[in-house]
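Residue-level structure breakdown
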2 protein chains.
Amino acid sequence: MRFSGLSAFPLTPMNESGIQEQVFTQLIDRLTKARVDSIGVLGSTGSYPYLTRHERAQVTQLALRHACGIPVMVGIGALRTRDVLDLAEDAQKAGANAVMLAPVSYQTLTDQEVYGLYETVSTSLSIPLCVYDNPATTHFSFSDELFSQIAQLPQVKSIKMSPLTGDHTSAKNRVDNLRKLLPAHVSIGVSGDWGGLTGLKAGCDIWYSAIGGLFPETILGITRDVQMGEYDLAEQFANDLIPIWELFRRHGSIRVIATAAEILGVTDHFPLPHPLRPLGEEDRFLLKAILQELELS
Amino acid sequence: MRFSGLSAFPLTPMNESGIQEQVFTQLIDRLTKARVDSIGVLGSTGSYPYLTRHERAQVTQLALRHACGIPVMVGIGALRTRDVLDLAEDAQKAGANAVMLAPVSYQTLTDQEVYGLYETVSTSLSIPLCVYDNPATTHFSFSDELFSQIAQLPQVKSIKMSPLTGDHTSAKNRVDNLRKLLPAHVSIGVSGDWGGLTGLKAGCDIWYSAIGGLFPETILGITRDVQMGEYDLAEQFANDLIPIWELFRRHGSIRVIATAAEILGVTDHFPLPHPLRPLGEEDRFLLKAILQELELS
């Protein structure tokens, strides 16, 4: 797969008994209809660490079956190297186009341990690997030096950076500095949807987007505008989304997106695993009003 | 079980294939020989979140079979409420004397979500529950208000506080304040071994000890000294351990204890799951020298 453009990360809708296959298929259909550049299943928004190995294989197979030729990247993160290797094998056997790995932790990990994890996993792979930095959930932060070392490993093809903060200049410096440390074949991706546009404008190759997993047309539109140099147009659409980023910051993007899916009738209940809970009544009402006004798709 | 005195938390020795039953049994034998007040298996030192449900049942059964009548508490923490309920049922069916639950997180949890987790689990239990606060691994911190609410739930019998910092006065204030908010039947426990003695002197009922899982006689000696009011004697023994706390702070207690087990010949290799790694050569040498000097048991 090419690590550029929009990679959309759908929810994995579920209840306490298991995956809701039909709802998940509908989410994938929204992405293929919009023709996103790639699909990232079992990312953080896809609740990967909450699922069994069997459920993760089920989600992977469903996504691949319904992807209509769009490349599918599969999250293989787990606490234990043993389990990551099993999940990598499952994804490869199912025909995934790439895998994505975050250094999930319980005991705080050292740089050496994280390097060792990527070394072991990458040498076992025959498909591309995306390095996933998400300190808010893994509680591990990559240094640039560590990124640079891991980027030399076989199969490493992209780095999904932790959310960019700050203005255009600081984002551009961040991306430029990282670019110098990476081989030319390793792409740089932005995550944290509120920084998506800033990241693309700063030179990121790909937007790994959670909100794009529910509203692919809207987010693909912004992505294409940037790719064509239509920054003002992109900015205009992106500004509409600011009230949503505010809810993301307060509740975490996954609760907002899951509540939005429920409001839109994509699912008939809050589709995340317990103990996670939906937004309270007041913020749900606010989100509903925002969605009605913006008419995202 | 009575939630007082010394509760010793052994390692779960393993390699990448599974649990090392014989080594684990030897660790339990050390605890029963020393006659600790209770045994806590599958705590953080017992690597609970890295294991499968089957392996956790295996560890629970082994501990109960070899506990010689000493009460056994079993860690049932997991990311997902569904899994916690399964693990609670397994522990109960095996005959555990109590369970211990930490709010393990990937997505950051809200107070409401954590309360909901304890509410669901506690109402499903017929054995005592210890509430386990360990922000360093769960990335959730209990407020006193939340402790107070959870302490009202059925089966809640103890709170394992996050490590105490500061001097005697601040520790005593902390314990006194918490005590006022809890029902009389809920005991308060100290964790983080470097604050163990401070915690007991400040009025904690129980020392939940990781180092006590490897050196039960030494830690039980300190505990009994405090229980008998022999503070000076306790202080004298505890001061010997200061170089070990320094290694704990730098490497995390579990890596130090696992490396110590290897140095002592209890296991023939570093017994933790990958990607975790042992101390480097220099600190291993230092630890070996400390252990030789102190002759802990």
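Remember, predicted model here, so these are calculated numbers, not experimental data. (Residues numbered from 1 in each chain as written. Chains lettered and ligands numbered in written order. Predicted model: local features only at pLDDT ≥ 70, side-chain atom pairs only at ≥ 80, totals over all residues. Heavy atoms only, no water.)

**Comments concerning the overall build of chain A**
- Broken down by element type, chain A carries 13 helices and eight strands.
- Taken over the C-alpha atoms alone, chain A extends approximately 50 × 45 × 35 Å along its principal axes.
- Out of the 297 residues in chain A, the part that is buried amounts to 59%.
- In chain A, once contacts between residues fewer than 6 apart in sequence are set aside, the share between residues at least 24 apart is 72%.
- Accessible area of chain A: about 11,400 Å², with a carbon and sulfur share of 48%.
- Counting 24 positive and 33 negative side-chain charges, chain A places the averaged centre of each group 4 Å from the other. (Helix = DSSP H or I, 4+ residues; strand = E, 2+ residues; numbered from the N terminus. Buried < 20%, exposed > 50% of the residue type's maximum accessible area, 1.4 Å probe, protein only. Contact = heavy atoms within 4.5 Å. Areas by Shrake-Rupley, 256 points an atom, 1.4 Å probe, with all protein chains shown as cover. Lys, Arg positive; Asp, Glu negative; His and termini not counted. Charge placed at Lys NZ, Arg CZ, Asp CG, Glu CD.)

**As for the interface of chain A and chain B**
- With 39 residues of chain A at the interface, the matching set in chain B holds 39 residues.
- For the pairing of chain A and chain B, the buried interface totals around 3,400 Å² over both sides, and the portion due to carbon and sulfur atoms is 48%.
- If you look at where chain A meets chain B, you find six salt bridges.
- The shortest N-O distance in the salt bridge between Arg255 of chain B and Glu113 of chain A comes to 2.7 Å. (Buried area = accessible area lost by both parts, 1.4 Å probe. Salt bridge = Lys/Arg side-chain N within 4 Å of Asp/Glu carboxyl O.)

**Here's the deal with the sheet that holds strand 6 (residues 156–160) of chain B**
All names here are of chain B.
- Pairing is parallel in the closed barrel, where eight strands are placed in the order 1-2-3-4-5-6-7-8. Neighbouring strand axes in the sheet, compared pairwise and without regard to direction, differ in orientation by 25° on average.
- In terms of strand pairing, strand 2 (residues 38–41) meets strand 3 (residues 72–75) through three bridges, oriented parallel. When the bridges of strand 3 are listed, Gly40 appears paired with Met73.
- Taken strand by strand, helix 1 (residues 21–34) contacts strand 1 (5–8) and strand 2, and its axis lies near 155° from that of strand 2. (Pairing = 2+ DSSP bridges. Axes fitted to C-alpha atoms, helices over the stretch in contact; angles between N-to-C directions.)

**As for the relation of the copies chain A and chain B**
- Rotating chain A by 180° and translating it 0.0 Å along the rotation axis places it on chain B, where the RMSD comes to 0.0 Å. Seen this way, the second copy is the image of the first under a two-fold rotation axis. Taking C-alpha positions as the reference, the residue of chain A nearest the rotation axis is His139 of chain A, at 4.1 Å.
- An overlap of 100% is found between the interface residues of chain A and their copies at the interface of chain B, pointing to a shared contact surface. (Least-squares fit on C-alpha atoms with pLDDT ≥ 70 in both.)

**Focus on the UniProt feature "active site" (unreviewed entry) in chain A**
All names here are of chain A.
- Taking the numbering used here, the UniProt-annotated feature "active site" (unreviewed entry) corresponds to Tyr132 and Lys160. Spanning 29 residues, the named residues form one tight spatial group whose C-alpha atoms are at most 4.8 Å apart.
- Judged by its relative accessible area of 4%, Tyr132 is buried.
- In terms of polar contacts, Tyr132 uses its side chain to reach the side chain of Ser44, at 2.6 Å.
- Relative to the elements of secondary structure, Lys160 occurs in strand 6 (residues 156–160).
- Filtering out sequence-adjacent residues up to four positions away, Lys160 remains in contact with Phe9, Met100, Cys130, Val131, Tyr132, Asp133, Gly189, Ser191 and Tyr208. (UniProt positions renumbered as here; feature names shortened; annotations may be inferred. Polar contact = N/O pair within 3.5 Å; in protein donor to acceptor, adjacent residues only side chain to side chain.)

**Details of helix 1 (residues 21–34) of chain A**
All names here are of chain A.
- Compared with an ideal rise of 1.5 Å per residue, which puts 14 residues at 20 Å, helix 1 spans 20 Å between its outermost C-alpha atoms and is within 8% of the ideal.
- Among the residues making up helix 1, those that are buried are Val23, Phe24, Thr25, Leu27, Ile28, Leu31, Thr32 and Ala34.
- Directly beyond the C-terminal end of helix 1, a positive phi value near 60° is found at Arg35. (Expected span 1.5 Å × (residues − 1).)

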